[in-house]
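# Structural features, examined
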Amino acid sequence: MADQTVKSANPAPLGLAAFGVTTVVLSAINAGLLPGDALPAVLALAFAFGGLTQLLVGAYEFKNGNTFGMVAFSAYGAFWLWFTFLFWASGANLMKASSGAGVGFSLFMWGVFTLYMWVATFRTNLAKTNQRLVSWQPYESRKGESFENIATHFGLTLVELRAANGLSKYAQESNGQTLLVPIGDEEPAAQFAAFNMQPSAIAEMYGSVRYTVRKGDTISTIARRFHVSQTQLRESNHGSAHLRVGQHFNIVL
């Protein structure tokens, strides 16, 4: 059966490039670095790259559940479409040219909107100012081990331990699962078999995971566990779908 797992790309770099390139080219005209008769080329760029491309990126951010990205890219894409329509419509005599006051106030309101979006960028960072900066490693807990004792041992609160590992607020004791805990200053990162680790905890580690194959593992079950494609796992396994118990290989998340 064909591999059906598709990993989504991050659309934000495309949106940032669309906004940045269009802004720089238009600013070059405003600064006198390009002649005024270059404006038609800038308008076409603003329509296609600054406008339509950012609207497309906004749609992808909506699909990814990123509200801030959806609002920012969709709004600035609409800004560039407004900008080009303003020139094209008046140039084609579809409407009278706007007064300077009208254009000026519109740009002022875009400045207000930009300030609003700038303030919103602090929300996530301010929410995390009380969180310690740590590196993480796996800890294979014992069945029946108290989460409170584990948290205390690694210098965490019980709430922090639960949040890092996607545990229920009612969870009190381990069922033997692998947990995410801070790594000590002198302690090397461990290899581990994350067969029973919460996917949200694995995601916190970023990068790659050194996985140890256990009895019953297949390429398909490991792929579902780590939300990666079977093709990617086979490449990590030298192109083979055959696994043996105790085998180690890296999984890039």
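Residues numbered from 1 in each chain as written. Predicted model: local features only at pLDDT ≥ 70, side-chain atom pairs only at ≥ 80, totals over all residues. Heavy atoms only, no water.

## What about helix α9 (residues 219-226)?
Taken residue by residue, α9 has Ile219, Ile222, Ala223 and Phe226 as its buried positions. In a view along the axis of α9, the buried residues occupy a sector of 100°, so they form one face of it. (Buried < 20%, exposed > 50% of the residue type's maximum accessible area, 1.4 Å probe, protein only. Helix = DSSP H or I, 4+ residues; strand = E, 2+ residues; numbered from the N terminus. Arc of directions from axis to C-beta.)

## A look at the environment of Gly50
Counting through the fold element by element, Gly50 comes out in helix α2 (residues 39-63). Not counting residues within four places of it along the chain, the set of residues in contact with Gly50 comprises Ala18, Thr22, Leu45, Tyr76, Gly77 and Trp80. (Contact = heavy atoms within 4.5 Å.)

## A short note on the pattern of salt bridges
Inspection of every chain in the model, using the stated rule, returns one salt bridge. In this structure, the salt-bridge partner of Glu145 is Arg142, at a minimum N-O distance of 3.7 Å. According to the relative accessible area criterion, Glu145 is buried, its value standing at 12%. Arg142 gets classed as exposed once you look at its relative accessible area, which sits at 55%. (Salt bridge = Lys/Arg side-chain N within 4 Å of Asp/Glu carboxyl O.)

## Re a nonpolar patch on the surface
Together, Phe47, Leu52, Leu55, Phe87 and Trp88 make up a nonpolar patch on the protein surface, roughly 420 Å² of accessible area in all. Ranked by the residues each element gives to the nonpolar patch, the list is headed by α2, at three residues. Mapped onto the fold, Trp88 is located in helix α3 (residues 67-91). (Patch = residues over 30% accessible without salt bridge, like charges linked within 9 Å, V, L, I, M, F, W, Y side chains within 5 Å. Areas by Shrake-Rupley, 256 points an atom, 1.4 Å probe, with all protein chains shown as cover.)

## Here's the deal with the packing of aromatic side chains
For the structure shown, the criterion picks out 14 aromatic pairs. Here the aromatic rings of Tyr76 and Trp110 are separated by 6.1 Å at their centres, their planes lie at 35°, and the arrangement is tilted. Placement of the pair is Tyr76 in helix α3 and Trp110 in helix α4 (residues 100-120), with a sequence separation of 34 residues. Look at Tyr76 and you get buried, because its relative accessible area is 14%. Measuring from centroid to centroid gives 5.7 Å for Phe79 and Trp82, while their planes differ by 40°, and the two rings are tilted. In this pair, Phe79 and Trp82 both sit in helix α3, three residues apart, roughly one turn of the helix. Using a relative accessible area of 12% as the deciding quantity, one classes Phe79 as buried. The class for Trp82 is partly exposed, based on a relative accessible area of 26%. (Phe/Tyr/Trp six-rings, centres within 6.5 Å; stacked < 30°, edge-to-face > 60°.)

## Section: the confidence of the model for the chain
Confidence along the chain averages 77 in pLDDT terms, with 78% of residues attaining 70 or more. Segment residues 185-197: pLDDT under 50, and 39 contacts once partners within four positions in sequence are set aside and those in other chains are kept. Note that residues 203-207 has pLDDT below 50 and, in this model, twelve contacts with residues that lie over four places away or in other chains. (pLDDT = per-residue confidence, 0-100.)

## Some details on α3
What sets the pattern is the α-helix's 3.6 residues per turn: residues three or four places apart point alike. Here α3 spans 36 Å end to end across 25 residues, near enough to the 36 Å set by a 1.5 Å rise per residue. By the N-cap criterion, in which a side-chain oxygen at the helix start approaches the backbone nitrogen of a residue two or three places on, α3 is capped by Asn66, the distance to Phe68 being 3.3 Å. (Expected span 1.5 Å × (residues − 1). Polar contact = N/O pair within 3.5 Å; in protein donor to acceptor, adjacent residues only side chain to side chain.)

## Examining the packing of α2 against α3
Between α2 and α3, the shortest axis-to-axis distance is 7 Å and the interhelical angle comes to 155°. Considering their axes alone, α2 and α3 lie roughly antiparallel with respect to each other. In this structure, α2 crosses over α3, and the sense of that crossing is left-handed. Of the residues contributing to the contact of α2 with α3, the split by class is 18 nonpolar, eight polar and one charged. (Axes fitted to C-alpha atoms, helices over the stretch in contact; angles between N-to-C directions. Parallel < 35°, antiparallel > 145°, perpendicular 65-115°, else oblique. Left-handed = near helix turned anticlockwise from the far one by under 90°. Nonpolar A, V, L, I, M, F, W, Y, C, P; charged D, E, K, R; others polar.)

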